[in-house]
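# Understanding the architecture of this molecule
What follows is each chain in one-letter form.
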Amino acid sequence: MRQLIAGNWKMHGRLKDVAGFAAALGAAPAHIDLLVCPPFPLLVPFATALAGTAIALGAQDCHARPEGAHTGDVAAPLIREAGATYVILGHSERRADHGETNADIAAKTSAALSAGLTPIICVGETEAERDAGQAEDIVRSQLMHSLPPGFAGVVAYEPIWAIGTGRTPSVTDIATMHATIRAALTTQLGPTGATTRILYGGSVKPANAAALLALPNVGGALIGGASLAAADFLAIAASAPRG
Ligand code: PEP
């Protein structure tokens, strides 16, 4: 299967950055699927700049309702109208900053699917949970409670302690966790779970990408910091194996 290389811009980026970044992505390798997830106000300008390319666009959150009195939130159908086809849900920064629970994420995931968006559901343990030997149980529980019945989308394993820190789990630990996620998805979703893309996220850089992306059950990467520089983002994409 082709790998998905996804950039999460978080709360970075300005209007002036869009045209140059989109133009640089013209050099993207053809053997992977590339996705950019900028802040909401950059979705429409990015959609315009990427029109006619194969590069996909995603948001970083959506509300669980299609419309309503929810000041400051953004509905999934509007995100779709803005040109996005993906949405990241349950990122650990949203779980921490906004108190999002697995049940919130399941509701948002259903809303995203109803709006025609492909959800990317983030799961991952804290360092204390890993040290206590609980990482796999935590991730299994997050999957069990964050994915609604009939889920069809992407899962991203992002150990919280690896995000933005320059640290990553060992390749053995990543392979073990991805095998655990594959088994859980197959149990939960049946045949769909056997082919669901499982991304790795957490301090993926050009220097470590080839080793991480070559691991079994790793179907791509979710990239924060290194996705802000087009050259690094493209270097990571180029190091992905051919599916
Ligand atoms: C992320 O925020 O999803 C992420 C993986 O960040 P970074 O690549 O900067 O660790």
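For the structure, see preceding data.
Residues numbered from 1 in each chain as written. Predicted model: local features only at pLDDT ≥ 70, side-chain atom pairs only at ≥ 80, totals over all residues. Heavy atoms only, no water.

Looking only at helices and strands, one finds eleven helices and eight strands in the protein. Whereas a compact globule of 243 residues would reach a radius of gyration of roughly 18 Å, the protein reaches 17 Å, a difference of no more than 12%. Dimensions along the principal axes, computed over C-alpha positions, put the protein at roughly 45 × 45 × 35 Å. Evaluated residue by residue, the protein yields a buried proportion of 49% over its 243 residues. Partitioning the intrachain contacts of the protein with sequence separation of at least 6 by distance along the chain shows that 72% fall at a separation of at least 24. (Helix = DSSP H or I, 4+ residues; strand = E, 2+ residues; numbered from the N terminus. Rg over C-alpha atoms; globule rule 2.2 N^0.38 Å. Buried < 20%, exposed > 50% of the residue type's maximum accessible area, 1.4 Å probe, protein only. Contact = heavy atoms within 4.5 Å.)

Here we come to the environment of Gly190. Topologically, Gly190 is positioned in the loop between helix H8 (171-189) and helix H9 (191-195). When its relative accessible area of 23% is taken as the criterion, Gly190 is described as partly exposed. In sequence terms Gly190 and Gly150 are 40 residues apart; their C-alpha atoms lie 9.9 Å from each other.

Looking now at the site of the ligand. Inspection of the region around the ligand gives 14 residues, with Lys10, Glu158, Gly164, Ser203 and Gly224 positioned closest. Contacts to the ligand include Glu158, whose side-chain N or O atom sits 2.7 Å from an oxygen atom. Backbone polar atom of Gly224 to an oxygen atom of the ligand: 2.8 Å apart, as the coordinates give it. A total of 300 Å² of accessible area belongs to the ligand in isolation, and the protein chains cover 97% of it. Of the residues in the shell around the ligand, the class split is four nonpolar, eight polar and two charged. (Near = heavy atom within 4 Å. Polar contact = N/O pair within 3.5 Å; in protein donor to acceptor, adjacent residues only side chain to side chain. Areas by Shrake-Rupley, 256 points an atom, 1.4 Å probe, with all protein chains shown as cover. Nonpolar A, V, L, I, M, F, W, Y, C, P; charged D, E, K, R; others polar.)

Within the largest apolar cluster, 62 residues are counted, with the highest numbers of intra-cluster contacts made by Ile5, Leu34, Phe46, Leu143 and Ile181. With six residues, H8 is the largest single contributor of residues to this core. Not counting residues within four places of it along the chain, the set of residues in contact with Ile5 comprises Ile32, Asp33, Leu34, Leu35, Leu213, Gly220, Ala221, Ile223, Phe233, Ile236, Ala237 and Ala240. Counting 13 residues, the second-largest nonpolar core is a separate cluster that includes Ala6, Leu35, Ile120 and Val154. (Core = buried A, V, L, I, M, F, W, Y, C linked by side-chain atoms within 4.5 Å.)

Side chains carrying opposite charge are able to pair once their charged atoms draw close together. Scanning the entire structure with this criterion turns up twelve salt bridges. The salt bridge involving Lys16 is made with Asp17; its shortest N-O contact spans 3.1 Å. Between Asp173 and Arg130 there is a salt bridge, and its shortest N-O distance comes to 3.6 Å. Here Arg130 lies in helix H6 (residues 127-131) and Asp173 lies in helix H8, a separation of 43 residues in the sequence. One network of salt bridges, in which partners are shared, links Asp61, Arg94, Glu100 and Lys108. (Salt bridge = Lys/Arg side-chain N within 4 Å of Asp/Glu carboxyl O.)

With that out of the way, let us pick up the packing of helix H1 (residues 15-24) against helix H2 (residues 43-50). As a packed pair, H1 and H2 sit with axes 9 Å apart at the nearest point and diverge in direction by 25°. Between H1 and H2, the angle falls in the class roughly parallel. Judged by the sense of rotation from one axis to the other, the crossing of H1 with H2 is right-handed. For the pair H1 and H2, the contacting residues are Leu15, Val18, Phe21 and Ala22 in the first and Pro45, Phe46, Ala49 and Leu50 in the second. (Axes fitted to C-alpha atoms, helices over the stretch in contact; angles between N-to-C directions. Parallel < 35°, antiparallel > 145°, perpendicular 65-115°, else oblique. Left-handed = near helix turned anticlockwise from the far one by under 90°.)

For the rest of this paragraph, the subject is the state of the cysteines. Scanning all chains against the criterion turns up zero disulfides. No disulfide involves Cys37; its sulfur sits 9.4 Å from that of Cys122, the nearest cysteine. Cys37 supplies the cysteine sulfur nearest to Cys62, a cysteine that is in no disulfide, at a spacing of 12 Å. (Disulfide = S-S within 2.5 Å.)

Residues Ala56 and Gly58 of strand S3 (residues 56-59) are buried on one face, and the alternating residues Leu57 and Ala59, pointing to the opposite face, are buried as well. Judged from the two bridges that link them, strand S2 (residues 32-37) and S3 form a sheet pairing that is parallel. Each residue of the ladder has a partner; that of Val36, found in S3, is Leu57. With respect to chirality, the unit in which S2 leads through H2 into the neighbouring parallel S3 is right-handed. As paired strands, S3 and strand S4 (residues 86-89) are joined by two bridges and run parallel to one another. Of the residues in S4, the one forming a bridge with Gly58 is Tyr86. Following the chain from S3 across helix H3 (residues 76-81) to the adjacent parallel S4, one finds a crossover that is right-handed. (Pairing = 2+ DSSP bridges. Right-handed = clockwise from strand over helix to strand, strands pointing away.)

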